[in-house]
Amino acid sequence: MSLAWEPVIGLEVHAELLTEAKIFCGCSARFGAAPNENTCPVCLGLPGVLPVPNGKVVDFALRLGLATNSRIARTSRWARKNYFYPDLPKGYQISQYELPICEGGYVEIDVGDAVRRIGLVRIHMEEDTGKNIHDARADASLVDFNRSGVPLLEIVSAPELRSPEEAGAYLRALRTLLRYLEICDGNMEEGSFRCDANVSVRPAGSSELGVKVEVKNMNSFRAVERALAYEIARQIDALESGEPVVQETRLWDPEAERTRPMRRKEYAHDYRYFPDPDLPPLRVDDGWIDRVRADLPELPRTRRDRLVRQYGLPRYDAEVLTARKDLADFFEEAVREHPNPKAISNWTMGEVLRVVRERGLDRELVIRDWPVPPRSLARLVRLVDEGKISGKIAKQVFEKMLAGGGSPEEIVEAEGLVQVSDESELERAIREVLASHADKVEEYRAGKEKLFGFFVGQAMKRLGGKAHPGKLNELLRRALSAAPKGEERP
Amino acid sequence: MTDPFRLSVREARRLLDEGELSSKELTRATLERIHGTDEVLGAFLTVCEDLALRQAEESDSRRGRPLSPLDGIPVGVKDVICTRGVRTTAASRMLESFVPPYDATVVERLRRAGAVLVGKLNCDEFAMGSSTENSAFRRTRNPWDRERVPGGSSGGSAAAVAARQCPLALGTDTGGSIRQPAALCGVVGLKPTYGRVSRYGVVAYASSLEQVGPIAREVWDCAAALGVLAGHDPADATSVPREVPDYLGVLERPLGRPRVGLPSEYFGDGIDPVVRDRVLSAVEVLRELGAEVGETSLPHTPYAVACYYLVATAEASSNLARYDGIRYGFRAPDAKDLLDLYCRTRRLGFGPEVKRRIMLGTYALSAGYYEAYYLRAQKVRTLIRRDFETAFSRYDVLATPTSPTSAFPLGSRLHDPLQMYLSDVLTIAVNLAGLPAISLPCGFDDSGLPVGLQLVGRPFEEETILRLGHAYQSATSWHRAEPPLDQRGSTGG
Ligand SMILES: [Zn+2]
């Protein structure tokens, strides 16, 4: 990229909220029902029906508003956004316009070693639309209204992002936050976390904005970063070759790895926003805000910094552990049981996360069905720390725990996995190994020191892998050097 | 005993309670009256014969322990109010075949109160109009003169009550649509305070203005109906959680000395002198009943009609967007693509007045005009509301004519929308301010056509206008006059 150009990126994110009910009726808002199963006269917009706001949606908006340090409007207003589309049952979408519920917050991201605050213009609530399904065989278009009336938050960033990587970092931070607050599952593939981008390019140092292009249809973080990189390069190319950038909406084509202009609409949109006369202004008092605030969890970045401070974890570990609230909860519960944070962090990031991913448990917003309970993991680590089992045996015990074998102590007991530290037992095994491998002993003593490992392995095998490795090494070394030697080495 | 269909709600209630009459007899007489007169009158769009008789039988089984004052009483419902399992058309081609899977809250409340649903009443399409001539299906005639309009948009409701086709009907009032037809047909029409009665299930025209209310022959009947209809509805976010008074219980309370204000703007130019004369005579009766009468002013009245037509059409343009031929109701055949489907469906499905209002509203909300029209209208609306607040700081009730003229001839204003819009000039401001108001018959003009007196009250003080109206009806007999209609519906001579 030429140094002479500076990209300016603003993102609009639509996050589907995980409330039980839809935003203006009692229908289930959950994903995955048969077409039109979760509908009623209200979310189908039949004649005469009226919307009634779901207070839970407001709670969720306030959660995000408070978590991003936004100004909370004590009075906000529902507005109608009027347009025609087959999946829009009322001919308008209930949204917020002039007076959104939150304004002026920010999301923090890390850029190198620095922290950047990305401003939020607004956060507002709105209803989702249905979904058109084009059935080529039946030569028909069908509409599924299950999503109609599912609550959304629209989160609009200021045009303060300066690179595709920053945009990616912002989106990840925002998604982590939404998940922490347990208000959105952040699933881009399923469309519950959607992103549109506004991109322009201007000469570096200029304070004026260039002509902006809206990019849509990006359904993964990778797609966002690729699309932005492509679009920025495309705009720079155009400007450098003296062609104007046209203000338009472009779609990201992931196969072709390029953006292309969206089919031009029949006419320009004029949404004719106006306050919804069916809905009184939404008033949020201090009591409501205080209740929501009291219920806020510790936020991911604060928690990450605390984990580093409190447990002396490497920043990388803290970052991984706080990417999900439930993972950090798991870690801290385990540490409370047995305070060896680094070992528990290693186990959590390694074995536990591996199984979580294998079993797809992380598809849920909150993992309740952990492969092993945090306190069991902690007790497993404690057995290692107390020298009762080796690290290697601990892996075996972990596998048995996964298979439902009970607590680590029970498994160690039942399977006779307790580490052998008894010196006479160890020495007996060593004696037997040395006796049956006299030739190798000779070689070792002749200087082939690599054979030490061989003896360790043989002794281990004889003891069923349960020998205390440190003690075994020590006794073996003593045994090998105590016996008579052919020649003394210098 | 008089023919049962001639009974008011109050009279029928007494006979039902005394065992002199069964709901089934009353309902059967009502249905016969409808069959005998409606071919000519044209008040009903749907008659629910079987449903009504079944509900009447159920009511009779409760004899001696009625659910409510309306138990066993036949009621007609304006066809913009949804009735589960009963076709609800809003008098539009667009909804010709629409059978709602749910009841409007007011209908639900009527059912729970034991009322008998006899049918759905004609109106202007989507409640847009002042003469019921905008119905896509039939024209309703004024029972006092078959060549004249019954008023609108609840013209079917008012005509049916006046013609003794049913003792009680529900209407909706967006700019006077209950009171103006009540005045033109010589019956009582009550528009409650905005938020008093649920709008859930009422096919929306202008959400911030409209309210459901009763039309009957006696104030007592309207009070009884309001007691059933009123109250907070969790399904309507604009309905107000406020206690509902016992309207019948307070009706007979001594009046005391209510202060009645006459807003000068409502008695000036444009008001038929005969109408003014009859209303002033009615005010004299109020004075004799103990009212203290004085003059007042509502200075922003001249802007009310313009303000109303901006707000109402803006809301209508949005509320009617859902009729697109995709999910229910009318769909134009042979559309070549989606846009064509929308355009043809709406072109063929809507009548001219509805299209006119959608166009006006779309314009008023469009980018660049929003501030100049819609927003400005909202500011004017605030000024109009303040006018009333000022007047109500001195007066308990305002008295005015309901309509500037008596019933006008069919077709006479149909091609002059502006003239038609002025039919509601005396009622519109009340909707903009969200106030309760009632129209009462207060005499006849020289052609024998009814004239209406409008009483406007403070928000949520329906009792005040009901008590004053009840006292007026106890002292006068205008409401007893019956249009000269024989069994075949022809006006006698
Ligand atoms: Zn629903």
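Along each chain, residue indices are assigned from 1 in the same order as the chain's sequence is written. For this description, chains carry letters from A and ligands carry numbers from 1, given in the order in which they are written. Whole-chain, interface and lining totals are the exception, using all residues; otherwise, since this is a predicted model, local features are given only for residues with pLDDT of at least 70 and side-chain atom pairs are given and counted only at 80 or more. The side-chain numbers reported here are obtained from all heavy atoms of the structure, hydrogens and water having been left aside.

**Some details on the overall build of chain B**
Piece 1. Helices and strands together make up the secondary structure of chain B, namely 16 helices and 11 strands.
Piece 2. A compact globule built from 493 residues should have a C-alpha radius of gyration of about 23 Å, and chain B, at 21 Å, falls within 12% of that.
Piece 3. Its C-alpha atoms put chain B at 65 × 50 × 50 Å along the principal axes.
Piece 4. Throughout this description, buried means an accessible area under 20% of the type-specific maximum (1.4 Å probe, protein chains only), exposed means over 50%, and partly exposed covers the range between. Within chain B, buried positions represent 65% of all 493 residues.
Piece 5. Residues are treated as being in contact if the distance between any of their heavy atoms lies within 4.5 Å. Across chain B, the fraction of contacts at a sequence separation of at least 24, relative to all contacts at a separation of at least 6, is 77%.
Piece 6. Entry remark: accessible area of chain B is about 16,700 Å², with carbon and sulfur atoms responsible for 51%.
Piece 7. Charged-residue counts in this description rest on Lys and Arg as positive and Asp and Glu as negative, His and the chain ends being excluded. Think of each charge as sitting on NZ of Lys, CZ of Arg, CG of Asp or CD of Glu. One way to put it: in chain B the 58 positive side-chain charges average out to a point 3 Å from where the 60 negative ones average out. In this description a helix means any DSSP run of H or I spanning at least four residues, a strand means any run of E spanning at least two, and both kinds are numbered starting from the N terminus. All radius of gyration figures rest on C-alpha atoms, and the globule criterion is 2.2 Å times the number of residues raised to 0.38. Each accessible area value is a Shrake-Rupley result obtained with a 1.4 Å probe; residue values ignore everything except the protein chains displayed when judging cover.

**Section: the state of the cysteines**
Piece 1. Working definition: a disulfide is two cysteine sulfur atoms within 2.5 Å of each other. Inspection of every chain in the model, using the stated rule, returns zero disulfides over all chains.
Piece 2. No disulfide involves Cys123(B); its nearest neighbouring cysteine sulfur is the one of Cys82(B), lying 12 Å away.

**Focus on helix α11 (residues 338-349) of chain B**
All names here are of chain B.
Piece 1. Taking 1.5 Å per residue, 12 residues should reach 16 Å; α11 reaches 16 Å between its end C-alpha atoms and fits that length.
Piece 2. Every buried residue of α11 is accounted for by Asp340, Leu341, Tyr342, Thr345, Arg346 and Gly349.
Piece 3. Of the surrounding elements, those touching the buried residues of α11 are α12 (352-365).
Piece 4. Whenever two N or O atoms come within 3.5 Å, that pair is a polar contact, provided that in protein one can donate a hydrogen and the other can accept it, and provided that, for residues adjacent in sequence, both atoms are side-chain atoms. For α11, the N-terminal cap is Asp337; the gap from its side-chain oxygen to the backbone nitrogen of Leu339 is 3.3 Å. Given a helix with a known number of residues, its expected span is that number minus one, times 1.5 Å.

**As for the pairing of strand β1 (residues 5-16) of chain A**
Along a regular strand, successive side chains alternate from one face of the sheet to the other.
All names here are of chain A.
Piece 1. For β1, the buried fraction is high: 10 of the 12 residues fall into the buried class.
Piece 2. Here 11 bridges tie β1 to strand β12 (residues 193-203), and the two strands are oriented antiparallel to one another. Its bridge partner being in β12, His14 is matched across the sheet by Arg194.
Piece 3. Two strands are counted as paired when DSSP detects at least two bridges linking them. By the bridge criterion, five bridges tie β1 to strand β11 (residues 151-157) in an arrangement that is antiparallel. Counted as the bridge partner of Val13 is Ile155 from β11.

**As for the coordination of the zinc ion**
All names here are of chain A.
Piece 1. Donor atoms (N, O, S) are those found within 2.8 Å of the metal centre, with the cutoff raised to 3.2 Å for Na, K and Ca; water is not part of the atom list, so apparent gaps in a site can occur. The coordination sphere of the zinc ion contains the protein donors Cys25 (SG), Cys27 (SG), Cys40 (SG) and Cys43 (SG), at a distance range of 2.3 to 2.4 Å.
Piece 2. Each of the four donor atoms bound to the zinc ion contributes to angles spanning 100 to 114°, and the resulting shape is tetrahedral.
Piece 3. The sequence motif formed by the donor residues of the zinc ion is C-x1-C-x12-C-x2-C. Within this pair, whereas Cys25 is found in the loop between β1 and α1 (55-67), its partner Cys40 is found in the loop between β1 and α1, the two being separated by 15 residues in sequence. Donor angles set the geometry label: tetrahedral for four donors if every angle is between 85 and 135 degrees, square planar for four and octahedral for six if opposite donors exceed 155 degrees and the others are between 65 and 115, irregular for anything else.

**Structural notes on the interface of chain A and chain B**
Interface size is commonly expressed as the accessible surface area that is lost when the partners come together.
Piece 1. At the junction of the two partners, chain A supplies 34 residues and chain B supplies 40 residues.
Piece 2. Buried area is a sum: the accessible area each of two parts loses on coming together, probed at 1.4 Å, counted once for each and added. Where chain A abuts chain B, roughly 2,800 Å² becomes buried across the two surfaces, and 62% of that area is made up of carbon and sulfur atoms.
Piece 3. When the area that chain A buries against chain B is broken down by residue, the three leading residues are Pro47(A), Phe84(A) and Arg272(A), summing to 22%.
Piece 4. The working definition used for a salt bridge is a side-chain nitrogen of Lys or Arg within 4 Å of a carboxyl oxygen of Asp or Glu. Inspection of the chain A/chain B interface yields one salt bridge.
Piece 5. Going through the elements one at a time, β4 (78-82) and β16 (274-275) of chain A are the ones with two or more residues in the side of chain A that touches chain B.
Piece 6. Here the side of chain A that touches chain B is composed, by residue class, of 23 nonpolar, four polar and seven charged. Gly counts as polar in this scheme, as do all residues outside two lists: the nonpolar Ala, Val, Leu, Ile, Met, Phe, Trp, Tyr, Cys and Pro, and the charged Asp, Glu, Lys and Arg.

**Quick look at a negative patch on the surface**
Residues and elements named next belong to chain A.
Piece 1. Here a patch means residues that are over 30% exposed by relative accessible area and free of salt bridges, tied together within 9 Å if like-charged and within 5 Å if nonpolar (Val, Leu, Ile, Met, Phe, Trp, Tyr). The grouping of Asp422, Glu423, Glu425 and Glu427 at the surface amounts to a negative patch.
Piece 2. Counting through the fold element by element, Glu423 comes out in helix α12 (residues 423-436).
Piece 3. Assessed through its relative accessible area of 38%, Glu423 is described here as partly exposed.

**Considering the nonpolar core**
Residues and elements named next belong to chain B.
Piece 1. Grouped together as the largest cluster of nonpolar side chains are 126 residues, with contacts concentrated most on Ile81, Phe126, Phe388 and Leu455.
Piece 2. It is helix α7 (residues 219-229) that contributes the most residues to this core, nine residues altogether.
Piece 3. Residues contacting Phe126, with those up to four places away along its chain left out, are Val80, Ala90, Ser92, Met94, Leu95, Val203, Tyr205, Leu320, Tyr323, Phe350 and Val354. We call a set of buried Ala, Val, Leu, Ile, Met, Phe, Trp, Tyr and Cys residues a nonpolar core when their side-chain atoms join them within 4.5 Å.

**Focus on unusual backbone geometry**
With glycine set apart, most residues show a phi of negative sign, and most peptide bonds adopt trans.
Piece 1. Residue Ser153(B) is reached from Gly152(B) by a cis peptide bond, and omega for that bond is 0°.
Piece 2. By the secondary structure assignment, Ser153(B) is in the loop between β3 (116-121) and α5 (155-162).
Piece 3. A positive phi angle, near 45°, is found at Arg272(A), a position not held by glycine.
Piece 4. Among the structural elements, Arg272(A) can be located in the loop between β15 (258-261) and β16.

**Points about helix α10 (residues 391-402) of chain A**
Residues and elements named next belong to chain A.
Piece 1. The terminal C-alpha atoms of α10, which comprises 12 residues, lie 17 Å apart, in line with the 16 Å expected from a rise of 1.5 Å per residue.
Piece 2. Among the structural elements, α8 (341-358), α9 (374-385) and α11 (408-414) are those in contact with the buried residues of α10.
Piece 3. Downstream of α10 by a residue or two, Gly404 has a phi angle that is positive, lying close to 90°.

**Quick word on the pattern of salt bridges**
Piece 1. According to the stated counting rule, one finds 78 salt bridges over all chains in the structure shown.
Piece 2. Residues Glu443(A) and Lys448(A) are paired through a salt bridge, measuring 3.5 Å at the closest nitrogen-oxygen approach.
Piece 3. Overall, the relative accessible area of 42% leaves Lys448(A) in the partly exposed class.
Piece 4. Arg148(B) is the salt-bridge partner of Asp145(B), the closest N and O atoms lying 3.0 Å from each other.
Piece 5. Linked through salt bridges whose partners overlap, the residues forming this network are Glu108(A), Asp110(A), Arg117(A), Arg301(A), Arg304(A), Asp305(A), Arg315(A) and Glu319(A).

**What about the packing of helix α2 (residues 23-41) of chain B against helix α3 (residues 49-60) of chain B?**
Residues and elements named next belong to chain B.
Piece 1. Orientation is described by lines fitted to C-alpha atoms, with helices fitted over the stretch in contact, and by angles between N-to-C directions that extend from 0 to 180 degrees. For the pair α2 and α3, the least separation of the axes is 8 Å and the interaxial angle reads 160°. Between α2 and α3, the interaxial angle falls into the category roughly antiparallel. You can see that α2 and α3 cross each other, and the crossing is right-handed. Where α2 approaches α3, its residues Ser23, Lys24, Thr27, Arg28, Leu31 and His35 are matched on the opposing element by Glu49, Ala52, Leu53, Ala56, Glu57, Ser59 and Asp60. Roughly parallel means an angle under 35 degrees; roughly antiparallel, over 145; roughly perpendicular, 65 to 115; everything else is oblique. By the definition used in this description, the sense in which the near helix is turned from the far one sets the handedness, with an anticlockwise turn below a right angle giving left-handed and a clockwise turn giving right-handed.

**With respect to the confidence of the model for chain B**
Piece 1. Here pLDDT means the predictor's own confidence in every residue, given as a number from 0 to 100. Of all residues in chain B, 98% have pLDDT values of 70 or greater, and the mean over the chain is 96.
Piece 2. Per the prediction output, this complex has pTM 0.91; the corresponding ipTM is 0.96.

**Structural notes on the sheet that holds β16(A)**
Piece 1. Read from one edge of the open sheet, three strands run β5-β4-β16 (chain A), paired in antiparallel fashion. Edge positions in the sheet fall to β5 (92-96) and β16 of chain A, since each has one partner strand and no second.
Piece 2. Relative to β16(A), β4(A) runs antiparallel, the two sharing two bridges. Its bridge partner lying in β16(A), Arg80(A) is registered against Phe274(A).
Piece 3. Strand contacts of helix α10 (residues 304-319) of chain B: β4, β5 and β16 of chain A, with the helix running at about 65° to β4(A), the strand carrying the most contacts.

**Quick notes on the sheet that holds strand β6 (residues 211-216) of chain B**
Residue and element names in this part refer to chain B.
Piece 1. In spatial order, the strands read β1-β3-β2-β4-β6-β5-β10-β11-β9-β7-β8; together these 11 strands make up an open sheet with mixed pairing. Looking at the sheet topology across the chains shown, the edges are occupied by β1 (44-47) and β8 (292-296). In this sheet, adjacent strand axes meet at a mean angle of 30° when their direction is disregarded.
Piece 2. Pairing of strand β7 (residues 259-263) with strand β9 (residues 397-401) involves two bridges; the strand directions are parallel. From the neighbouring strand, Gly261 faces β9, where its bridge partner is Leu398.

**Re the packing of aromatic side chains**
Piece 1. For Phe, Tyr and Trp, where Trp contributes only its six-membered ring, two rings pair if their centres lie within 6.5 Å, and the inter-plane angle classes them as stacked under 30 degrees, edge-to-face over 60, or tilted in between. According to the stated counting rule, one finds 29 aromatic pairs over all chains in the structure shown.
Piece 2. An angle of 65° between the planes, with centres 6.0 Å apart, marks the rings of Tyr271(A) and Tyr273(A) as edge-to-face.
Piece 3. Pairing Phe388(B) with Phe392(B) gives two aromatic rings, centres 6.4 Å apart and planes at 25°, and the pair type is stacked. Of this pair, Phe388(B) and Phe392(B) both sit in helix α13 (residues 371-394), four residues apart, which is roughly one turn of that helix.
Piece 4. Residue Phe388(B) is classed as buried on the basis of its relative accessible area of 3%.
Piece 5. Here the basic side chain of Lys81(A) rests over the ring of Tyr271(A), its NZ or CZ set 4.5 Å away from the ring centre.
Piece 6. Positioned above the aromatic ring of Phe137(B), the side-chain terminus of Arg87(B) is 5.9 Å from the ring centre. Only when the NZ atom of a Lys or the CZ atom of an Arg is both within 6 Å of the ring centre and within 35 degrees of the ring normal do we say a charge sits over the ring.

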